[in-house]
Amino acid sequence: MRTGAAAGRTGYLHEALCYGSDEELLAVVVPFLVGGVEANEPTFVALGERTSNLVRAALPADTKVEFLSGGDVYGRPTAAIRMYRQLLADLVADGATQIRIIGEVPPAGLGPTWDWWARYESAINHAYDDWPLWSMCAYDTRTSASGVLADVAATHPCFATVDGRHVPSVDYVAPETFLRQTRPMPPDPMQTVPPLVDLLGPTAAQARAAVHQVGQGGLRDDEFDDFVVAVSETVTNGLRHGRPPVRFRLWAGADRIVATVSDAGPGPLNPYAGLLPSANGAPGGLGLWITHQSCNHVTYHRDDQGFTLRLTAGRPPGV
Amino acid sequence: MLTDQPPPYWHLCWAYDDPAGFMTHAVEFLRGGLAAGERVWFVVSGPAEPIRDQLLGVRDFANALLTGAAQVRSLDGAYTSMAVIDPASQVAAYRRAAREAVADGYTGLRVAADATELVRTAAQRDAFARYEQRVNEMMRTEAFRAMCAYDRSQLGESAVAELACLHPEHNLGQLLFRLYAVPLRRGQAALAGELDPSNHDLFRTALDRADLQPVDDTLVLDANGLRFLDHRALIHLNEYARDRQVTIVLRAARSGVARLAALLDLPDLRVEVAR
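Residues numbered from 1 in each chain as written. Chains lettered and ligands numbered in written order. Predicted model: local features only at pLDDT ≥ 70, side-chain atom pairs only at ≥ 80, totals over all residues.

**Side note on the overall build of chain B**
Looking only at helices and strands, chain B features ten helices and twelve strands. Scaling as 2.2 N^0.38, a compact globule of 275 residues should have a C-alpha radius of gyration of about 19 Å, and chain B matches this with 19 Å. Considering only C-alpha atoms, chain B reaches an extent of 60 × 35 × 30 Å along its principal axes. For chain B, the residues scored as buried account for 49% of the 275 residues in total. Of the contacts made within chain B by residues no fewer than 6 positions apart, 70% connect residues no fewer than 24 positions apart. (Helix = DSSP H or I, 4+ residues; strand = E, 2+ residues; numbered from the N terminus. Rg over C-alpha atoms; globule rule 2.2 N^0.38 Å. Buried ≥ 20, exposed ≤ 12 C-beta atoms within 10 Å, placed from the backbone. Contact = placed C-beta atoms within 7 Å.)

**Comments concerning the overall build of chain A**
Helices and strands together make up the secondary structure of chain A, namely ten helices and twelve strands. Viewed in the frame of its principal axes, chain A has a C-alpha envelope of about 60 × 40 × 35 Å. Sorting the 319 residues of chain A into buried and exposed places 47% on the buried side. In chain A, the proportion of contacts linking residues at least 24 apart, taken out of those at least 6 apart, comes to 72%.

**Some thoughts on the sheet that holds strand S3 (residues 66-67) of chain A**
Residues and elements named next belong to chain A. Pairing within the open sheet is mixed, and its seven strands lie in the order S3-S2-S4-S5-S1-S6-S7. Each having just a single partner strand, S3 and strand S7 (166-168) make up the two edges of the open sheet. Strand direction decides the pairing type here: strand S2 (residues 43-46) and S3, joined by two bridges, are parallel. Across the sheet, the residue bridging to valine 45 is phenylalanine 67, located in S3. (Pairing = 2+ DSSP bridges.)

**Section: the sheet that holds strand S3 (residues 70-74) of chain B**
Residue and element names in this part refer to chain B. Within the open sheet, the six strands sit side by side as S3-S2-S4-S5-S1-S6. Their pairing is parallel. Edge positions in the open sheet fall to S3 and strand S6 (169-170), since each of these has one partner strand only. Pairing of strand S1 (residues 11-16) with S6 involves two bridges; the strand directions are parallel. Note that in S6 the partner of cysteine 13 across the bridge is histidine 170.

**A closer look at the pairing of S1 of chain B**
Residues and elements named next belong to chain B. Burial analysis of S1 places six of its six residues in the buried class, which makes it a mostly covered element. The side-chain alternation of S1 yields two buried faces, one formed by His11, Cys13 and Ala15 and the other by Leu12, Trp14 and Tyr16. Inspection of the sheet shows S1 paired to strand S5 (residues 144-151) by six bridges, in the parallel sense. Within the sheet, the bridge partner assigned to tryptophan 14 lies in S5 and is alanine 149.

**With respect to the packing of helix H9 (residues 221-241) of chain A against helix H10 (residues 255-263) of chain B**
Taken N-terminus to C-terminus, the directions of H9 of chain A and H10 of chain B make an angle of 60°; their axes are 9 Å apart at the nearest point. The angle between the axes of H9 of chain A and H10 of chain B places the two elements in the oblique class. The handedness of the crossing between H9 of chain A and H10 of chain B comes out as right-handed. On H10 of chain B, the residues that touch Asp222, Asp225, Asp226 and Val229 of chain A of H9 of chain A are Ser255, Gly256, Arg259 and Leu260 of chain B. Class assignment of the residues belonging to the contact of H9 of chain A with H10 of chain B gives a composition of two nonpolar, two polar and four charged. (Axes fitted to C-alpha atoms, helices over the stretch in contact; angles between N-to-C directions. Parallel < 35°, antiparallel > 145°, perpendicular 65-115°, else oblique. Left-handed = near helix turned anticlockwise from the far one by under 90°. Nonpolar A, V, L, I, M, F, W, Y, C, P; charged D, E, K, R; others polar.)

**So, the nonpolar core**
Phe42, Ala112, Ala149, Leu163, Leu179, Ala189 and Leu221 of chain B are the most contacted members of the largest nonpolar core, which has 178 residues in total. Looking at this core element by element, the count peaks at eight residues for helix H5 (residues 114-127) of chain A. (Core = buried A, V, L, I, M, F, W, Y, C linked by C-beta atoms within 7 Å.)

**Regarding the packing of H5 of chain A against helix H6 (residues 146-155) of chain A**
Residue and element names in this part refer to chain A. Their axes nearest at 9 Å, the elements H5 and H6 cross at an angle of 15°. Here H5 lies roughly parallel to H6, going by the angle between them. The way H5 lies across H6 gives a crossing that is right-handed. Each of Trp114, Ala118, Glu121 and Ser122 in H5 lies in contact with H6, whose residues at this interface are Val148, Asp151, Val152 and Thr155. Here the residues of the contact of H5 with H6 sort into four nonpolar, two polar and two charged.

**Describing H9 of chain A**
The end-to-end C-alpha distance of H9 of chain A, which contains 21 residues, comes to 30 Å, matching closely the 30 Å that a straight helix rising 1.5 Å per residue would cover. Taking burial as the measure, the 21 residues of H9 of chain A include 15 buried ones, the bulk of the element. (Expected span 1.5 Å × (residues − 1).)

**Examining the confidence of the model for chain B**
Caution applies to low-pLDDT regions: their predicted coordinates should not be interpreted in detail. Residue and element names in this part refer to chain B. A residue-level look at chain B finds 97% of positions with pLDDT of 70 or above and a mean pLDDT of 93. Counting interchain partners and residues more than four positions distant, the pLDDT-below-50 stretch residues 3-8 has eleven contacts. In the predicted complex, the global pTM is 0.91; the interface-specific ipTM is 0.90. (pLDDT = per-residue confidence, 0-100.)

**Topic: the environment of histidine 231 of chain B**
Secondary-structure assignment places histidine 231 of chain B in helix H9 (residues 231-243). The partly exposed category is assigned to histidine 231 of chain B, around which 19 C-beta atoms lie within 10 Å. For the pair histidine 231 of chain B and alanine 103 of chain B, spaced 128 residues apart in sequence, the C-alpha to C-alpha distance is 49 Å. Ignoring sequence-local partners within four residues, the contact set of histidine 231 of chain B consists of Leu286 and Ile290 of chain A together with Leu260 and Leu264 of chain B.

Listed below in structure tokens is the structure:
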């Protein structure tokens, strides 16, 4: 049986909690968590270290809340979706009738990589709707940019307000619409200089060889290997499903490697491409999904020239 | 250029476009055998005599041809069938010849064979590819080395690739992977090179033709030389294992292979990372 603001609902209740002080955060989060525990619902905290400590200190002793390490959960959006879907499926299989989670995008995700977290926030309205989940996504209005807060309003159907109400977001946009919107892709500062590699119509093997030739610089072995996987999948996707010509470009700096793969087509038709594995074997669905879990930032960009996918391994600028 | 992994045995595929160039490489290959005390056979597609006469004038070969250390044979003097090869009987024939060479005091038998005439049709290539893998396995225990040469200008690149991928070494620069038997302590076969959509069909065919035999319901593939494989190849390996009710182990793989496999639901595939 659903409880609290989700009583009587099926599927996912996805709320944003925009707070302006620690007191406002706790005023909403503590009753939310205590209510879940009192209803015997699996109840989780996936906040960053500072806010987790605040909540931990404010909760009554022995409140049976599980703290997930926010940094690990929210490393990459697609990995977070994969982890949560498995968690939710397991909990429901064990008999849970509602699950409560308070989470937050880490501060690093609120900067230049926010766009893929905005896509995450939109996509999970669909991705978690198979389960009786009530979650709140916490955003500190003191540190979140106005563009971030506008996306929060567009991707959360409800707000949990600091005075205890639950109100619909008038700016909410269905994920199928939000995810099809053309979002700005500001160039990585590294892209202002000519690329080290610029190949027209490469095979996946040629693109991989070019990455190896440029070398991994300061990247860890695992980051570099995963980037090669992402490049191979992305070029393969462009060749298979895009419209020629496919163009592969690569820039490398001390702390990151950036690649773009573009073609003259419109890009993936599935709005969830990259965030969810294709459920029906739709073309390219798995390759982009793997790509999103193999890089530290992936962006989509559409313009009158076609579709461009940008991959960043290592430390994205501003992170 | 030859592929960069050192071969566990010497079983080399040599695609050639120029018969004279092939002759040069074959002679060098066989000269190495003579130096190692092996009996050597040069198996040629036409009559043996003209080539034998030619070799009589080549350094190191004149005396060896007279003693029988070096022999030039026509294809039908070395292969049991000129139509569609029977892998088992051909392997048995070479095993017998290798053992005879050892019994005669040589350290083994080394063969350079132009097999172009034996692989002109799809059916011939299918059988010959299966034979190549059986030869790989035979070399685990027999003092036998071979260079299989194919005229690319007559057969085409893709036909040669069907055969080359089942050799530990080949000179096809565009062919990205190899699948070949290795010492059993390393597994039933090695999977080396790179697997991506450009060679998935060839890989599927090669895996079927290799007809790998599991031990205790497990097929171990040595992935030490596997530089790259994509999710489609992993999924195919899992399906291959499931269809045969075995578990496939990718042993000594790069850690990225394990991370990729962990993203996919592959219950019949296990990845063991190189230490």
